[in-house]
Amino acid sequence: MKGFKDASIEQIESVTSTTVDSVLRKLDGTVQLVSDKGVVLIPTPSTDPRDPLNIPLWQKLIILGTTCLYSTMGLVAVSGLGGILGEFIPTYAAQGKTYSDISNLMTFPSLFMGIGNMISMPIALAIGRRPVFLASCIVQVASLVLCATNQGYVWHFASRCILGLAAGQSEALCPLMISEVFFLHERARYQQLFSSIQTMISGTLVILTSYIAATIGWRAWYYLFAGFSGLILVLAIFFVPETKYIRPLAAYKGTTTKNGNLNILVEGPDPENPKEADHVITIHDERIFDTVNYHPRTLKFNTQLFVHDTDWNEAVLCVKHQFQLFFFPNVFWVFCMNGVFLGVNIAMGLTYGNILSESYHWASKFISIAMAGQIVVAFVCIPMLGYGSDAIVKFMARRKGGIHEPEHRLLTLVIPLILGIVFCVLYGQTATFPGKYHWMGIVFTINGYYFTFIGANTAGITYLLDAYPTRAASSLVVLCAMRGVISFALSYGTVSMYSNYGYDGAFGIFGGITALFGALGIVIYFTGKWIRHFVSPWTTIEVVGKPSMG
């Protein structure tokens, strides 16, 4: 419509080189989160009604809920197989497959989840989040149907690898979409809400897994998830709009611009000098939309498949940034730590069924009940890891004159790291000496360790999003892809490790590795700001006026 601005091609006007250089130099994750007026909104929302940050809260929660349900169906189908893995042993053993081969039905899909992120995220940056998300929903439905109709091990294995490609969006694309509709001070609570809802639903479904397999068969189990995934696809078509929005670099500092117009950059406040905090928008300020210069948000717009012009340069930059981020010390530590937690979690998921059935004589239909504690974990995680993280960063910001440092997010890792070490050792000891320890040693530790994994996941995601705001997508891909590789290496060797060293030796090693990365976390906490300053030349935008979220 003539006379309206197109938010997808916003231009920065009247920018002096000094101003741009200043903004670029200071965009290293250190921002002014608290001012005398209250908590600052970061990124700064525009006056465009189509800005995802301006979506009403109820609609944001629908987006969160729909992406969460999609993620849950994929993740349970990938990781929930541990409860019914024994169902496949007679059939596949007759085909000459070993227990290690059958275990690959769980381990390889987790690897393909990381590969899926590396493929889909550059495309999502180039063409938009919505079309990639909808395509992933379709692939997930199709792969689940293929799993249900498989006629042999190879067919089943290939179908589950395809399922892993689709389910991988739950680890990078979905968190990115959520981060694009919520502000920095809300980030941890809603990311944790996403994880906790996912945990509660998946915990319930995992409990039912062995019952479904024992009563109506494992094929029906796959058909059930295919049906749910199809319903989620329909919901996504109508209720998950495009969340990509091109905003000027100043917005990621939490600063406003000339006359409140985000198209025109002016020198914003120095985040290291809170006395200069004159141009900020806080949670208490009234936000008025510009309905004269911008189009309104309508149902037609929300259901539009392609909102932005395709820009394959964004995809190329995303791949480039992934390689750069791999060598950042703090990023390397985050994905290694997450990989260890995920790998141990998968290792426990691979072994708990055999331990409970062989050592404690549990009937196969009751095996999955052991995972019921994950529902309790979900309720603990929301206040402790979600609201707790946001409360900590605001408290620390007030102590430091309103300045937020991304490393404050890592404080929530202390309890999960300590518990992770304890749970590893206790699980190994219980599995090795069933006559000495009660079966609760297995049930308690496998659910408790899931809490530690969720804690590492939430802290890792929010830390990287805060530390590298112009590399959000790429940092999520590196985190999810590389932790998938590391977790695959750990879980893939689980069978041979406990065969050679026993459960106590294998999980004792896992506990030692967890302790090692916990110690490295102390180093990262105190050197993280220096690292961010050091790597800042590689995190600046390539095109002024269009900060790449890749």
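Predicted model only: the values in this text are computed from it and were never measured.

## Remarks on the overall build of the protein chain
If you tally the helices and strands in the protein chain, you get 17 helices and four strands. Within the protein chain, buried positions represent 61% of all 550 residues.

## Let's talk about unusual backbone geometry
Backbone phi values are negative for most residues with the exception of glycine, while trans is the configuration of most peptide bonds. Following Ile-42, the chain continues to Pro-43 via a peptide bond in cis, the omega torsion being -5°. One non-glycine residue, His-361, lies in the positive phi region at around 60°. Tracing the backbone through its elements, the reader meets His-361 in the loop between helix H12 (329-359) and helix H13 (373-399).

## Comments concerning empty space enclosed by the protein
Per the stated rule, a full pass over the model turns up five cavities of 30 Å³ or more. As for the largest cavity, its lining consists of 39 residues, of which Leu-75, Ser-79, Asn-345, Tyr-450 and Phe-453 are closest to the centre. Breaking the lining of the largest cavity down by element, the ones donating at least two residues are helix H2 (57-79), helix H4 (99-127), helix H8 (187-215), H12, helix H15 (440-467) and helix H16 (472-492). Here the residues of the lining of the largest cavity are counted per class, giving 18 nonpolar, 19 polar and two charged.

## What to know about the pattern of salt bridges
Under the defined criterion, the tally for this structure stands at eight salt bridges. One salt bridge connects Glu-405 with Lys-529, and the closest N-O pair in it is separated by 3.0 Å. With a gap of 124 residues between them, Glu-405 in the loop between strand S4 (403-404) and helix H14 (414-432) and Lys-529 in helix H17 (residues 494-535) connect regions that are remote in the sequence. Among the charged side chains, a network of salt bridges with common partners joins Glu-405, Glu-407, Lys-529 and Arg-532.

## Concerning the nonpolar core
With 126 residues, the main nonpolar core has Leu-81, Met-121, Phe-133, Tyr-352, Tyr-468 and Phe-507 as its most contacted residues. Per-element tally for this core: the top contributor is H12, with 17 residues. For Tyr-468, the contacting residues outside a window of four places in its chain are Leu-325, Phe-328, Asn-330, Val-331, Ile-531, Arg-532, Val-535 and Thr-539. Counting residues in each nonpolar core, the second largest holds 10 residues, with Leu-33, Val-39, Val-40 and Val-393 among its members.

## Comments concerning the packing of aromatic side chains
Applying the stated rule across the entire model yields 24 aromatic pairs. Ring centres of Phe-182 and Tyr-190 lie 3.9 Å apart, and the angle between their planes is 10°; on these two criteria the pair is classed as stacked. Across the pair, Tyr-190 and Phe-182 agree in class, each one buried. A centroid spacing of 6.3 Å and a plane angle of 50° characterise the contact between Phe-534 and Trp-538, whose relative ring orientation is tilted. Members of the aromatic cluster, each reached through a chain of ring pairs, are Phe-88, Tyr-92, Phe-108, Tyr-153, Phe-157, Trp-218, Trp-221, Tyr-222 and Phe-225.

## A word on a nonpolar patch on the surface
A contiguous nonpolar patch, built from Val-376, Val-380, Met-384, Val-414, Ile-415, Ile-418 and Val-422 and spanning about 590 Å² of accessible area, is present on the exposed surface. Looking at the nonpolar patch, the elements that each hand over two or more residues are H13 and H14. Among the elements that line the nonpolar patch, the one with the most residues is H14, at four residues. Along the chain, the position of Met-384 falls in helix H13.

## Focus: the side chain of Ser-71
Among the structural elements, Ser-71 can be located in helix H2. Residue classification places Ser-71 among the buried residues on the basis of a relative accessible area of 1%. Within the structure, Ser-71 has its side chain in polar contact with the backbone oxygen of Thr-67 (distance 2.8 Å). When neighbours within four sequence positions are excluded, Ser-71 is seen to be in contact with Ser-170, Cys-174, Phe-194 and Gln-198.

## A word on the state of the cysteines
Linking two cysteines covalently through their sulfur atoms gives a disulfide. All told, the structure shown has zero disulfides when counted by the stated rule. Free of any disulfide, Cys-137 has its nearest cysteine sulfur in Cys-174, 7.9 Å distant. Relative accessible area serves as the criterion here: at 1%, Cys-137 is assigned to the buried category.

## Comments concerning the environment of Asn-457
Take Asn-457: it is sitting in helix H15. Between the alpha carbons of Asn-457 and Phe-341 there is a distance of 8.7 Å; along the sequence they are 116 residues apart. Sequence-distant contacts of Asn-457, that is, excluding residues within four places in its chain, are made with Ser-195, Asn-338 and Arg-483.

## Notes on the environment of Val-234
The topology assignment puts Val-234 in helix H9 (residues 218-239). Sequence separation between Val-234 and Leu-134 is 100 residues; the distance between their C-alpha atoms is 9.3 Å.

## Details of the packing of H12 against H14
Packing of H12 against H14 brings their axes to within 12 Å, and their N-to-C directions diverge by 25°. It follows that H12 is roughly parallel to H14 by the angle criterion. Crossing of H12 against H14: the hand is left-handed. Two secondary-structure elements touch here, H12 through Phe-341, Val-344, Met-348, Thr-351, Tyr-352 and Ile-355 and H14 through Pro-416, Leu-417, Phe-423, Cys-424, Tyr-427 and Ala-431. The class makeup of the residues in the contact of H12 with H14 is 11 nonpolar, one polar and no charged.

## Let's talk about the confidence of the model for the protein chain
The predicted model of the protein chain has a mean per-residue pLDDT of 81, with 87% of residues at 70 or higher. Between the elements of the protein chain, mean pLDDT differs from a low of 44, seen in helix H1 (residues 17-26), to a high of 95, seen in helix H5 (residues 129-148). Throughout residues 257-278 the model reports pLDDT below 50, and contacts reaching past four residues in sequence, or to other chains, amount to 58 contacts.

## Considerations on the environment of Ala-236
Position of Ala-236 among the secondary structure elements: in helix H9. Through-space distance from the C-alpha of Ala-236 to that of Cys-137 is 8.5 Å; in sequence the pair is 99 residues apart. Filtering out sequence-adjacent residues up to four positions away, Ala-236 remains in contact with Thr-66, Arg-130, Phe-133 and Leu-134.

Parameters and conventions
Position numbers for residues start from 1 in each chain and track the written sequence from start to end. Local features are withheld for residues below a pLDDT of 70 in this predicted model, meaning they are given only at 70 or higher, and side-chain atom pairs are given and counted only at 80 or more; totals for whole chains, interfaces and linings count all residues. Here the side-chain values reflect all heavy atoms present in the structure, with hydrogen atoms and water set aside. The way it works is that DSSP assigns letters per residue, a run of H or I at least four long becomes a helix, a run of E at least two long becomes a strand, and they are numbered from the N terminus. In this scheme, a residue with accessible area under 20% of its type's maximum is buried, one over 50% is exposed, and one in between is partly exposed, where area comes from a 1.4 Å probe on protein chains only. Points on a 1 Å grid over protein atoms alone make up a cavity when a 1.4 Å probe fits among them but cannot get out, and a pocket when they form an open set with protein on both sides within 12 Å along at least five of seven lines; lining residues each have an atom within 4 Å of a point. Grid points are joined across faces, edges and corners, and a volume is the space filled by probe spheres set on the points. Each residue gets one of three labels, nonpolar for Ala, Val, Leu, Ile, Met, Phe, Trp, Tyr, Cys and Pro, charged for Asp, Glu, Lys and Arg, and polar for the others, Gly among them. For this document, the term salt bridge refers to a Lys or Arg side-chain nitrogen within 4 Å of an Asp or Glu carboxyl oxygen. The definition of a nonpolar core used throughout is a set of buried Ala, Val, Leu, Ile, Met, Phe, Trp, Tyr and Cys residues joined through side-chain atoms within 4.5 Å. A contact between two residues is defined here by any heavy atoms of the two lying within 4.5 Å. Geometry of aromatic contacts follows a simple scheme: Phe, Tyr and Trp rings, the Trp one being its six-membered ring, pair when their centres are within 6.5 Å, and the pair is stacked under 30 degrees between planes, edge-to-face over 60, tilted otherwise. Exposure above 30% relative accessible area and the absence of a salt bridge qualify a residue for a patch, where like charges join within 9 Å and nonpolar side chains (Val, Leu, Ile, Met, Phe, Trp, Tyr) within 5 Å. Accessible surface area values rest on a Shrake-Rupley calculation with a 1.4 Å probe, where residue burial reflects the displayed protein chains alone. Polar contacts here mean pairs of N or O atoms no more than 3.5 Å apart (in protein, one a potential hydrogen donor and the other a potential acceptor; neighbouring residues in sequence count only if both atoms are side-chain atoms). Cysteine sulfur pairs qualify as disulfides if the two atoms are within 2.5 Å. Here an axis means a line fitted to C-alpha atoms, over the contact stretch when the element is a helix, while the angle between two N-to-C directions is reported on a 0 to 180 degree scale. Roughly parallel covers angles under 35 degrees, roughly antiparallel covers those over 145, roughly perpendicular covers 65 to 115, and oblique covers all other angles. Rotating anticlockwise by less than a right angle from the far helix to the near helix defines a left-handed crossing, while the corresponding clockwise rotation defines a right-handed one. What pLDDT reports is the predictor's confidence in each residue, on a scale of 0 through 100.

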